[in-house]
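# Descriptive structure summary
Residue strings, one per chain:
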Amino acid sequence: MAVSIQDVRVLASTTRSTHHTWALTFFCRPELYLQPSSIEQLQTIVRAAHQFKKTITITGAGHSPSDITMTKDWLINLDNFDNVLSFSRHESGLFTDVRVEAGIRIYQLNAALASRGLALQNLGSISDQSVAGIISTGTHGSSAYHGLVSQQLVDITVLLASGELLTVSPTVQPDLFRAAMLSLGKLGIITHVTIRAIPSFTLHSFQEIIDFDKLLEDWSTVWTSKEYVRVWWFPYSRKCILWRAEKSRKSLSVPRDSFYGTWLGRKLYETLLWFATRIYKHAMPAVERFVFRRQYGWESTYGLGGSEAVQNSVDGLNMDCLFRQFVNEWALPLNHGVEVLKLVDQAVTKAAESGAYYVHAPIEVRCSNCSYPDKETTAIEIIEMSGGKGAIPGNTLRPLLDYSPVVPYSYTGPISNENLTLYLNATMYRPFGHDPPIGQWYSEFEDIMVAYGGKPHWAKNFIGKSPEKTNTVPTSGEMVGLASVFENWYSEDGKKYKAIREKLDPEGLFFGGKEWAIRNGII
Ligand SMILES: Cc1cc2nc3c(=O)[nH]c(=O)nc-3n(C[C@H](O)[C@H](O)[C@H](O)COP(=O)(O)OP(=O)(O)OC[C@H]3O[C@@H](n4cnc5c(N)ncnc54)[C@H](O)[C@@H]3O)c2cc1C
Ligand SMILES: O=C1O[C@H](CO)C(O)=C1O
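Here's a quick rundown of the structure. Since the model is a prediction, treat every value here as computed from it, not as a measurement.

### Quick notes on the site of ligand 1
Residues in contact with ligand 1 amount to 34 residues; listed here are only the nearest, Ile-58, Thr-59, Ser-64, Ser-125 and Thr-137. Here an oxygen atom of ligand 1 sits 2.7 Å away from a polar atom, N or O, in the side chain of Ser-64. Here Thr-139 contributes a side-chain N or O atom positioned 2.8 Å from an oxygen atom of ligand 1. Summarising the interface, the protein chains cover 98% of the accessible area of ligand 1, which totals 970 Å² for the free molecule.

### Quick notes on the nonpolar core
Counting 135 residues, the largest nonpolar core has Ile-156, Val-193, Trp-223, Trp-441 and Trp-458 as its most contacted members. In this structure Trp-223 touches Ser-142, Ala-144, Val-229, Arg-230, Val-231, Leu-334, Val-365, Arg-366, Cys-367, Asn-417 and Leu-420, once residues within four positions along its chain are discounted. In terms of nonpolar packing, the next biggest core, distinct from the first, is built from 22 residues, Leu-11, Ile-39, Ile-76 and Leu-509 among them.

### A word on the sheet that holds strand S4 (residues 56–59)
Sheet architecture is open: 3 strands sit in the order S3-S5-S4, paired in parallel fashion. Strand pairing shows two members of the sheet lacking a second neighbour, strand S3 (32–34) and S4, which therefore form its edges. Strand after strand, the sheet turns through a mean of 25° between neighbouring axes, direction not considered. Packing of helix H2 (residues 39–51) onto the sheet brings it into contact with S3, S4 and strand S5 (74–77), and relative to S5 it is tilted by some 165°.

### Some points on the sheet that holds strand S17 (residues 363–368)
Here 8 strands make up an open sheet; going across it, the order is S15-S12-S14-S13-S17-S18-S16-S19 and the pairing antiparallel. One side of each edge strand has no neighbouring strand; the edge strands of this open sheet are strand S15 (307–312) and strand S19 (455–456). Note that strand S13 (residues 228–234) and strand S14 (residues 239–248) share 7 bridges and pair antiparallel. For Arg-230, the partnering residue across the bridge sits in S14 and is Trp-243. Strands in contact with helix H9 (residues 284–296) are strand S12 (202–211), S13 and S14; relative to S13, the strand with the most contacts, it is inclined by about 140°.

### Some words on unusual backbone geometry
The omega torsion across Ala-361 and Pro-362 is 0°, close enough to zero to call that bond cis. With respect to the helices and strands, the residue Pro-362 is situated in the loop between helix H11 (337–354) and S17. One non-glycine residue with positive phi stands out, namely Phe-432, at about 50°. Residue position: Phe-432 is located in the loop between strand S18 (421–429) and helix H13 (439–451). Residue class for Phe-432 comes out partly exposed when judged on its relative accessible area of 40%.

### Notes on the site of ligand 2
Taken together, Ser-125, Cys-321, Gln-325, Val-327, Glu-329, Glu-364, Arg-366, Asn-425, Thr-427 and Lys-460 are the residues near ligand 2. A distance of 2.8 Å separates an oxygen atom of ligand 2 from a polar atom in the side chain of Arg-366. In isolation ligand 2 has 280 Å² of accessible area, and contact with the protein removes 85% of it. Counting only elements with at least two residues in the shell around ligand 2, the list comes to strand S16 (325–333), S17 and S18. With 3 residues, S16 is the single largest residue contributor to the shell around ligand 2. Residue composition of the shell around ligand 2, grouped by class: 2 nonpolar, 4 polar and 4 charged.

### As for the packing of helix H8 (residues 263–278) against H9
Two quantities define a packed helix pair, namely the angle between the helix axes and the distance between the axes. Running from N to C, H8 and H9 point in directions that differ by 165°, and their axes come no closer than 9 Å. As the angle between them shows, H8 and H9 are arranged roughly antiparallel. The hand of the H8/H9 crossing is left-handed. Across the interface between the two elements, Leu-268, Tyr-269, Leu-272, Leu-273 and Ala-276 from H8 touch Met-284, Val-287, Phe-290 and Val-291 from H9. Its residues assigned to classes, the contact of H8 with H9 comprises 9 nonpolar, no polar and no charged.

### Digging into a nonpolar patch on the surface
A surface patch of nonpolar side chains, about 300 Å² in accessible area, is lined by Phe-275, Ile-279 and Tyr-280. Structurally, Ile-279 can be placed in the loop between H8 and H9. On the basis of relative accessibility, which here comes to 52%, the residue Ile-279 falls in the exposed class.

### Considering the pattern of salt bridges
Following the criterion strictly, the structure yields 22 salt bridges and no others. A salt bridge links Asp-493 to Arg-178; its shortest N-O distance comes to 3.1 Å. Within this pair, whereas Asp-493 is found in helix H14 (residues 486–504), its partner Arg-178 is found in helix H5 (residues 174–180), the two being separated by 315 residues in sequence. Under the relative-accessibility criterion, Arg-178 is labelled buried at 14%. Its salt-bridge partner being Arg-430, residue Asp-435 comes within 2.5 Å of it at the nearest N-O pair. Taking the relative accessible area as the measure of exposure, Asp-435 reaches 46% and is therefore partly exposed.

Calculation criteria
- Residues numbered from 1 in each chain as written.
- Chains lettered and ligands numbered in written order.
- Predicted model: local features only at pLDDT ≥ 70, side-chain atom pairs only at ≥ 80, totals over all residues.
- Heavy atoms only, no water.
- Near = heavy atom within 4 Å.
- Polar contact = N/O pair within 3.5 Å; in protein donor to acceptor, adjacent residues only side chain to side chain.
- Areas by Shrake-Rupley, 256 points an atom, 1.4 Å probe, with all protein chains shown as cover.
- Core = buried A, V, L, I, M, F, W, Y, C linked by side-chain atoms within 4.5 Å.
- Buried < 20%, exposed > 50% of the residue type's maximum accessible area, 1.4 Å probe, protein only.
- Contact = heavy atoms within 4.5 Å.
- Pairing = 2+ DSSP bridges.
- Helix = DSSP H or I, 4+ residues; strand = E, 2+ residues; numbered from the N terminus.
- Axes fitted to C-alpha atoms, helices over the stretch in contact; angles between N-to-C directions.
- Nonpolar A, V, L, I, M, F, W, Y, C, P; charged D, E, K, R; others polar.
- Parallel < 35°, antiparallel > 145°, perpendicular 65-115°, else oblique.
- Left-handed = near helix turned anticlockwise from the far one by under 90°.
- Patch = residues over 30% accessible without salt bridge, like charges linked within 9 Å, V, L, I, M, F, W, Y side chains within 5 Å.
- Salt bridge = Lys/Arg side-chain N within 4 Å of Asp/Glu carboxyl O.

Geometric descriptors of this kind do not, in isolation, establish any biological role.
In structure tokens form, the structure reads like this:
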């Protein structure tokens, strides 16, 4: 049945004609910014896109740092798909499967779960993303006992280019489920998911100041020492914050003081960053040391308990990400961590000595357990194997485009470093909207990541590999992408993803954001 352009235009936002990333780094003016409210409306858009030969791009909260959601054609946003539809409690009482519309933001879902005494067991640094967005680029948190956030999915419903709705799961079309678990928005429109939640919990955390050298010395034990562990590295201070937490039933404590959590502290920090970005770049190490002292103190508290707090799970897992920013994050085997951090440290120190560039802190150092069993394993089996200490997974399948290294399987204890993925996150702030120079820093950073088997987080501001010089990355900071290495790096799983994509969308309806997709070898 033919659709008139008016049928589509009525679904367009009347208040929004431009789209941009949260970081205000990329902007576009789509021909139509569409905010449908029902499956029928989505199907109308899909039919019309075929008819008028338009491509469709989908965006959630626009929190991906790169231009992955930029398009000149039609852009669909699912903010109106924000309902929680049903709760299905497992007889064991250990988990509840929650059916939601996939445009719901994580903070909305957190609130709906909390009102039922439930919570998500693993989150990234923020809760602003949409559920579909958080899974589509492979969002992770930091825990040796949890994988990507998509590990919590039980099933996914996708509206395909054919207009058909398809629900996939580990038992129904598992390969398609693996494609949909990290689809980059190029497979179809994710309309619903079932996500596994657990009874709500508080997080009992200890935040210690640890010398950088001591962290490296204790690398073999810190990551598995508590359920949730993350490190913020301040390279010019030669110190890190080691945050370790476990689930608890304790009551909430008084929140930790935060210098940059106050209006004045925040403005002062941003002004100092602006000064070091625009006026006198050599001030950056002193700015870092000043802020570190004000925020955390100075002397090592490692092994002495540090600062203790009990927070609700969301406040504990999320963090204050401060200012709009560029973010370049890579995943690599955690076993290479000591060598890799030493090399990054040498590069940063050398650059500061010559004045070539300065980096912003913290460099985030995190981990996940992205190892996957080679046979079907149920959540209950996994809970039993871990003695109740690990994740309660919704699935145990590896997304086809998972950028974590393939590591030996140990979904549950005893888990050691060899089972883990390390994430290194080089954030560069944009104080008051001013861009810091990122090219040389990101280029040297990526050279090290590539040499140690790293792959970039799909959502972020990576440069990628130049086709001419396969061992180096260009210095501009502009994304070159992964096209020259995609086949090599993603091998059989990458081919499978592309074959599934091609079969489901032969006309390339979901090839909006085409430039990003070409650069990265998806087209
Ligand atoms: C301050 C900040 C902190 C962050 N912290 C973390 C972190 O701790 N860990 C981490 O791994 N990442 C982190 N990220 C990255 C973020 O989690 C991802 O970029 C995530 O994909 C953003 O979700 P979104 O809803 O904003 O989606 P968008 O950025 O709008 O879109 C992301 C992708 O999802 C696709 N998509 C969106 N909706 C749909 C849909 N309905 N159907 C199909 N495809 C869809 C889009 O096409 C696109 O490919 C952070 C980002 C910021 C800005
Ligand atoms: O992309 C990300 O931004 C924050 C850092 O500010 C974070 O943890 C990411 O991941």
